[in-house]
Amino acid sequence: MRIQKKQTRSDTRKKTQRLTLCALLTAMMLILGYVESLIPFNFGIPGIKLGLSNSVLIFAVYMLSLPTAFLLMLVKVLLSALLFGGGFLSPSTVFALAGGCLSVLVMGLLHFDKGLWPIVVSMAGGVSHGAAQVAVYMFMNPGSNLFLYMGVLMLVGMGTGAVTGFIGDRVMRHMKTLKT
Amino acid sequence: MKTTRNILVIALLLLLCALPFALHFTHAFSPRRLDADRLVPVSLTEEGDVTLQGMPKTPKE
């Protein structure tokens, strides 16, 4: 009876820890996204940004699980649409959702290969994010030829993915103890 | 071995990035597209003259 009680307590504690960590990561992603929007990071090409919240996402993919990372991304996109964007059904939300879904899926699948560096996994996420965004735009506007823009976004996504992957990797090395 | 695999994945990603550029340029320089660009938009006037579309009609003497 006592052992059972102890187990239940331990389970509850683990669940609470996990929930707190998820809430903390969501808040971090939202803050990073907002801070990033304040920094003038303009190359003259629309849609290009550093994507610092991706470093939190890669942390979640490695330290938590793929479904949890997916859920975090979903909550982040919807909350940032509600707080800073034009609403749930605005085009920017749809593009962010498409990019986020594909990038989390790609990163989640690649992270199972333990031989791959988190930086490379994050680069793949950045590439897929750009590709999915433009692909959805082209699907919504048939006849539009944006392959050149897609290529530029994918190349830039590779670079920014390397930066965010490096940050995520550094954070993970220092926070291995948080693995639940 | 680990490094090789990572470099291979990076090369694959670069190839993926090159794909949209290739699609763009094959579409831009496709024979059909070039033929379409070569066509000159003309229109027939009431007098039976052929004029370029969008150009002002030259006054008749």
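Source: prediction; values computed, not measured.

1. Digging into the confidence of the model for chain A
Detailed reading of the predicted coordinates is not advisable wherever pLDDT falls low. Looking at chain A, pLDDT values average 87 and 96% of them are 70 or higher. Here helix α1 (residues 2-38) of chain A is the element of chain A with the lowest mean pLDDT, 85, and helix α5 (residues 118-140) of chain A is the one with the highest, 93.

2. A word on the environment of Gly151(A)
Looking at the secondary structure, you find Gly151(A) in helix α6 (residues 147-174). Among residues more than four places away in sequence, those in contact with Gly151(A) are Cys17(B), Pro20(B) and Phe21(B).

3. A few points about the packing of aromatic side chains
Residue and element names in this part refer to chain A. If you walk through the whole model with that rule in mind, you get 2 aromatic pairs over all chains. Relative to phenylalanine 84, the ring of tyrosine 34 lies with its centre 5.0 Å away and its plane at 25 degrees, an arrangement referred to as stacked. With tyrosine 34 in helix α1 and phenylalanine 84 in the loop between α3 (66-83) and α4 (91-110), this pair connects stretches of sequence that are 50 residues apart. Its relative accessible area of 44% is what places phenylalanine 84 among the partly exposed residues.

4. What about the pattern of salt bridges?
Should the charged atoms of two oppositely charged side chains come close, the side chains can pair. Inspection of the entire model under this criterion finds 2 salt bridges over all chains. One salt bridge connects Asp113(A) with Arg5(B), and the closest N-O pair in it is separated by 2.4 Å. One end of the pair, Asp113(A), is in the loop between α4 and α5; the other, Arg5(B), is in helix α1 (residues 2-28), on a second chain. On the accessibility criterion, Arg5(B) (32% relative accessible area) is partly exposed.

5. Regarding the side chain of Ser55(A)
Residues and elements named next belong to chain A. Relative to the helices and strands, serine 55 resides in helix α2 (residues 53-63). Residue serine 55 is classed as buried on the basis of its relative accessible area, which comes to 9%. Setting aside anything within four residues of it in sequence, one finds serine 55 in contact with Thr164, Ile167 and Gly168.

6. Details of the nonpolar core
Ranked by size, the top nonpolar core spans 37 residues in total, and within it Leu25(A), Leu64(A), Leu72(A) and Leu13(B) carry the most contacts. Among the secondary structure elements, those contributing two or more residues to this core are α1, α2, α3, α4, α5 and α6 of chain A together with α1 of chain B. Contact partners of Leu72(A), with chain neighbours within four places excluded, come to Cys22(A), Leu25(A), Thr26(A), Met29(A), Ala60(A) and Leu64(A).

7. A few points about the layout of surface pockets
All names here are of chain A. In this structure, the largest pocket spans a volume of roughly 1300 Å³. For the largest pocket, the lining is made up of 46 residues, of which Gly47, Lys49, Ala96, His129 and Gln133 are closest to its centre. Every element with two or more residues in the lining of the largest pocket is listed here: α1, α2, α3, α4, α5 and α6. Split into classes, the residues belonging to the lining of the largest pocket amount to 22 nonpolar, 21 polar and 3 charged.

8. Examining the interface of chain B and chain A
The interface is formed by 16 residues belonging to chain B together with 18 residues belonging to chain A. Counting each side, the surface lost to burial between chain B and chain A is near 1600 Å², with a carbon and sulfur contribution of 79%. The largest contributions to the chain B side of the interface with chain A come from Asn6(B), Leu13(B) and Phe21(B), which together make up 31% of the buried area. Between chain B and chain A we count 1 salt bridge in total.

How each quantity is defined
Residues numbered from 1 in each chain as written. Chains lettered and ligands numbered in written order. Predicted model: local features only at pLDDT ≥ 70, side-chain atom pairs only at ≥ 80, totals over all residues. Heavy atoms only, no water. pLDDT = per-residue confidence, 0-100. Helix = DSSP H or I, 4+ residues; strand = E, 2+ residues; numbered from the N terminus. Contact = heavy atoms within 4.5 Å. Phe/Tyr/Trp six-rings, centres within 6.5 Å; stacked < 30°, edge-to-face > 60°. Buried < 20%, exposed > 50% of the residue type's maximum accessible area, 1.4 Å probe, protein only. Salt bridge = Lys/Arg side-chain N within 4 Å of Asp/Glu carboxyl O. Core = buried A, V, L, I, M, F, W, Y, C linked by side-chain atoms within 4.5 Å. 1 Å grid on protein atoms, 1.4 Å probe; cavity = no way out; pocket = protein on both sides within 12 Å on 5 of 7 lines; lining within 4 Å. Points joined across faces, edges and corners; volume = space filled by probe spheres on them. Nonpolar A, V, L, I, M, F, W, Y, C, P; charged D, E, K, R; others polar. Buried area = accessible area lost by both parts, 1.4 Å probe.

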